[in-house]
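# Breakdown of the fold
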Amino acid sequence: MKSHSAANGPLPQGIIEVCLCHHARKTARAVTRMFDEALAPSGLNANQFNILIAISATQDASAGRVARKLAMDRTTLSRNLKPLRRADLIITGGGSGRRPDALLLTETGEATLEKAIIHWQQAQTRMSKALGTGHAGQLLTLMANAAEVAK
């Protein structure tokens, strides 16, 4: 294996300590695990919760609008919608072929989301308190700024 020196660029240990991508992904995995555990009693995981919330929060929810809200490509969204359709949490329609356009929560989806929101609130409060006064809001601002820069 090739050894690293200052002439070859930064050392791996230095990179891992300051790499924004590494820390964003590490944090995302840890936070997702926490929310997955909190949401488990509702039958949803964090990804499914976020998709259902995005559908619920989006006026005239189309696959394109929801994908943009989630910063997700339509192919990935389409793949993630399949288990939600099978569980009768959403209905889709209006798209050509396998690409749905209109996305709506079913009655089961609305009830599941309502139950999940209670668990989400508990996890959100726990995380916000653990971060300390004002830090959750600062973190949201920084993450939104980072997402905008990364577009």
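Everything in this summary refers to the structure shown in the same document. (Residues numbered from 1 in each chain as written. Predicted model: local features only at pLDDT ≥ 70, side-chain atom pairs only at ≥ 80, totals over all residues. Heavy atoms only, no water.)

### Thoughts on the overall build of the protein
As a reminder of what qualifies: Note on conventions: DSSP H or I runs of at least 4 residues are helices, E runs of at least 2 residues are strands, and numbering of each starts at the N terminus. In this treatment the radius of gyration is a C-alpha quantity, and the globule benchmark scales as 2.2 Å times the residue count to the 0.38 power. Only protein chains enter the accessibility calculation, which uses a 1.4 Å probe. A residue is then buried if its area is under 20% of the maximum for its type, exposed if over 50%, and partly exposed in between. In what follows, residue pairs with any heavy atoms lying within 4.5 Å of each other are defined as contacts.
The helix and strand tally for the protein stands at seven helices and two strands. Taken from N to C terminus, the helices and strands of the protein fall in the order α-α-α-α-α-β-β-α-α. Against the compact-globule benchmark of 15 Å for 151 residues, the protein has a radius of gyration of 19 Å, which places it well outside the compact range. The buried share of the protein, taken over its 151 residues, is 25%. Taking the intrachain contacts of the protein between residues at least 6 apart in sequence as the baseline, contacts between residues at least 24 apart amount to 45%.

### A short note on the packing of aromatic side chains
Quick note on the threshold: When the centres of two rings from Phe, Tyr and Trp lie within 6.5 Å, Trp using its six-membered ring, the rings pair. Their planes under 30 degrees apart give stacked, over 60 give edge-to-face, and anything left gives tilted.
The full count for this structure, using the stated rule, is one aromatic pair. When the centroid spacing of 6.3 Å and the interplanar angle of 20° are considered together, the rings of Phe 49 and Trp 120 count as stacked. Residue Phe 49 is found in helix 3 (residues 46-57), and its partner Trp 120 is found in helix 6 (residues 107-131); the two are separated by 71 residues along the sequence. Taking the relative accessible area as the measure of exposure, Phe 49 reaches 5% and is therefore buried. You can call Trp 120 partly exposed: its relative accessible area is 28%.

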